[in-house]
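Coordinate analysis (summary)
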Amino acid sequence: GASIFKNAVDAVFKKARTRTVFTPRPNQQRFVDAFTQYYRQYRKARNRAERRFLMFAICRLGKTATTLYTCAQLKLKKILILSYKCDTANSWFDDYIKWDYMKNYSWCDKNAIMDDPTCLEQEKVVCWLSFQSSAKYDSHDDTFDDVSFADEAWQQDVLAQKWDMVIIDECHFGADTNRSQSFLDLLDTKFLLELSATPYAKINRGDYTAANSWCYTLMDEYAECNDNSDFVPFRVWHLTFEQMLSTMKLQKQSKKQKQDMLAKCYDGDLKWSWDSFFDIYDDTAWLFDNLYTRFIGQHGKHTMVYVHEKKQGDKLADGLVTLGKYKVLNLCGKNYKGSDAQLSNEILKSDKPYIIISCGKKFTGTTLKPIENVVFMGQVNSAERFIQ
């Protein structure tokens, strides 16, 4: 039945794909060393708060690959990964498939457990689950952030396991709610590892200190890689419309015409508004094209653009496609069906500048190395959102 099918799928993964030998880079090895030292000292601590660790690191570090490698090096057998960011499942699965150190582990998720609960009983397991499905609200009391697990058997199967390691990916997002913490409290786990590029709330609250965390920021990356000719840091473009127009020489536009264009985009509070810009102008691609031609394209070819709403992304995408100069992927309201690796390969093959437009998708836990520019055509109030 299902178990035979799953074992057959695992066999195909192991035989059909040539796994790559993982050799940690110096920055990755520093995490492995720091975590291993802490883990060995505190893994049997009675105080549960001491049996946890934070990896505070930028996306390009390779948090998923490094974390799984560390678990394999420590010979951990039961690994549970939790996240509210459901699109990170693909990244974890890609690393599970790719690297040699995972060859003796089996992969499972919610669907696999529902089909065959015995998949959790295998000796070495990596299991990815979302908080949304694992920690369900109590249907009888929606006034309190409570959870109920009795209604689905597969959740009980998860709770029945003894997990060597629970990993919370993108822990800055939703992991501190009563709902999530109630679920974590019920898990039988020896250790907790949290991952994020922006865990500011946890650090400010004092959940982690220098003793039980490891940090690798954009500044650390720049200091370490700046002399490497292969290192090309992406550039963030977050300019107001006024700043753009003051630095751009728009052809056939007088100063009066520019001022008139700007005046149309102020809201009732006399603040310039990107939303007003997209509402007023049917053709919004001219601004991006002008900016790209004069500035953005001078720094790098492939670019990600963030807008506020789906309708804004659709309007911008239609305009850029009409220009015919760009390869455009509009993710507003859509999911990219492939993995980050597949999308990166598609970008590299493009003979035109590749423009990804998003209003939220591909925002955290994403590694697209070919992207050299990030442009915000909308207000960014969150430091977490900006840095991710």
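Provided above is the structure to which this section pertains.
Now for a look at the structure at hand. (Residues numbered from 1 in each chain as written. Predicted model: local features only at pLDDT ≥ 70, side-chain atom pairs only at ≥ 80, totals over all residues. Heavy atoms only, no water.)

With that settled, the discussion passes to the overall build of the protein. The helix and strand tally for the protein stands at 17 helices and 14 strands. Among the 388 residues that make up the protein, the fraction classed as buried is 49%. Excluding contacts between residues fewer than 6 apart, the proportion of contacts in the protein whose partners are at least 24 apart in sequence is 76%. By element, 50% of the accessible surface of the protein is carried by carbon and sulfur atoms, the whole surface being about 19,800 Å². (Helix = DSSP H or I, 4+ residues; strand = E, 2+ residues; numbered from the N terminus. Buried < 20%, exposed > 50% of the residue type's maximum accessible area, 1.4 Å probe, protein only. Contact = heavy atoms within 4.5 Å. Areas by Shrake-Rupley, 256 points an atom, 1.4 Å probe, with all protein chains shown as cover.)

Together, Arg40, Arg43, Lys44 and Lys75 make up a positively charged patch on the protein surface. The topology assignment puts Arg40 in helix α2 (residues 26-42). Residue Arg40 is classed as exposed on the basis of its relative accessible area of 57%. (Patch = residues over 30% accessible without salt bridge, like charges linked within 9 Å, V, L, I, M, F, W, Y side chains within 5 Å. Salt bridge = Lys/Arg side-chain N within 4 Å of Asp/Glu carboxyl O. Lys, Arg positive; Asp, Glu negative; His and termini not counted. Charge placed at Lys NZ, Arg CZ, Asp CG, Glu CD.)

On to helix α14 (residues 285-299). For α14, spanning 15 residues, the distance from its first C-alpha to its last is 19 Å, which sits close to the expected 21 Å at 1.5 Å a residue. Of all the bends found along α14, the most pronounced is centred on Tyr292 and spans about 60°. Buried within α14 are the following residues: Ala285, Leu287, Phe288, Asp289, Asn290, Leu291, Tyr292 and Ile296. (Expected span 1.5 Å × (residues − 1). Bend = angle between axes of the 7 residues up to and from the residue.)

On inspection of all chains with the given rule, the structure shows eleven salt bridges. Linking Asp188 and Lys162 is a salt bridge whose minimum nitrogen-to-oxygen distance equals 3.1 Å. One end of the pair, Asp188, is in strand β7 (residues 188-189); the other, Lys162, is in strand β5 (residues 162-163), with 26 residues separating them in the sequence. The exposure class assigned to Lys162 is exposed, which follows from its relative accessible area of 60%. Its salt-bridge partner being Arg205, residue Asp207 comes within 2.5 Å of it at the nearest N-O pair. Accessibility expressed as a relative area gives 19% for Asp207, which makes it buried. Arg205 sits in the partly exposed class, given a relative accessible area of 45%. The network of salt bridges with shared partners includes Asp176, Glu194, Lys202, Arg205 and Asp207.

On to the side chain of Ser106. Residue position: Ser106 is located in strand β3 (residues 106-108). By relative accessible area, Ser106 is classed as buried at 5%. A polar side-chain atom of Ser106 sits 3.0 Å from a polar atom in the side chain of Gln122. (Polar contact = N/O pair within 3.5 Å; in protein donor to acceptor, adjacent residues only side chain to side chain.)

The geometry of α14 relative to helix α15 (residues 310-323) is characterised by a closest axis approach of 8 Å and an angle of 60° between their N-to-C directions. Viewed along their axes, α14 and α15 adopt a mutual orientation that is oblique. On α15, the residues touching Ala285, Phe288 and Asp289 of α14 are Leu316, Gly319, Leu320 and Leu323. Classifying every residue of the contact of α14 with α15 by side-chain character gives five nonpolar, one polar and one charged. (Axes fitted to C-alpha atoms, helices over the stretch in contact; angles between N-to-C directions. Parallel < 35°, antiparallel > 145°, perpendicular 65-115°, else oblique. Nonpolar A, V, L, I, M, F, W, Y, C, P; charged D, E, K, R; others polar.)

Judged by nonpolar contacts, the single largest core of 39 residues is most densely connected at Phe35, Tyr101, Met165 and Ile167. Listed in part, the 28 residues of the second largest apolar core include Ala112, Cys119, Ala135 and Leu192. (Core = buried A, V, L, I, M, F, W, Y, C linked by side-chain atoms within 4.5 Å.)

This brings us to the environment of Cys171. Assignment of secondary structure puts Cys171 in the loop between β6 (165-168) and α8 (178-186). Taking relative accessible area as the criterion, Cys171 reaches 0% and is therefore assigned buried. As a C-alpha pair, Cys171 and Glu194 span 23 residues in sequence and 5.9 Å in three-dimensional space. Sequence-distant contacts of Cys171, that is, excluding residues within four places in its chain, are made with Leu54, Glu194, Leu195, Ser196 and Lys202.

To continue, consider the sheet that holds strand β4 (residues 125-130). On the basis of which strands lie adjacent, the open sheet formed by seven strands has the order β3-β4-β2-β6-β8-β1-β9 and parallel pairing. Edge strands, defined here as strands with exactly one partner in the open sheet, are β3 and β9 (213-216). Along the sheet, successive strands turn relative to each other by an average axial angle of 15°, direction set aside. Bridge analysis of β6 against strand β8 (residues 192-196) gives three bridges, and the strand direction is parallel. Opposite Val166, over in β8, you have Leu192 as the bridge partner. Contacts from helix α4 (residues 88-98) reach β2 (78-83), β3, β4, β6 and β8 within the one sheet, and its direction differs from that of β3 by about 170°. (Pairing = 2+ DSSP bridges.)

Attention shifts here to the packing of aromatic side chains. Tallied over the entire structure, the rule returns 31 aromatic pairs. Between Tyr281 and Trp286, the aromatic rings sit 6.2 Å apart at their centres with planes inclined by 80°, giving edge-to-face as the arrangement. Judged by relative accessible area, Tyr281 falls into the buried class, the value being 13%. Over the face of the ring belonging to Tyr96 we find Arg19, whose NZ or CZ atom lies 5.5 Å from the ring centre. Against the face of Tyr208 rests Arg52, its NZ or CZ located 5.0 Å from the ring centre. (Phe/Tyr/Trp six-rings, centres within 6.5 Å; stacked < 30°, edge-to-face > 60°. Lys NZ or Arg CZ within 6 Å of the ring centre and 35° of its normal.)

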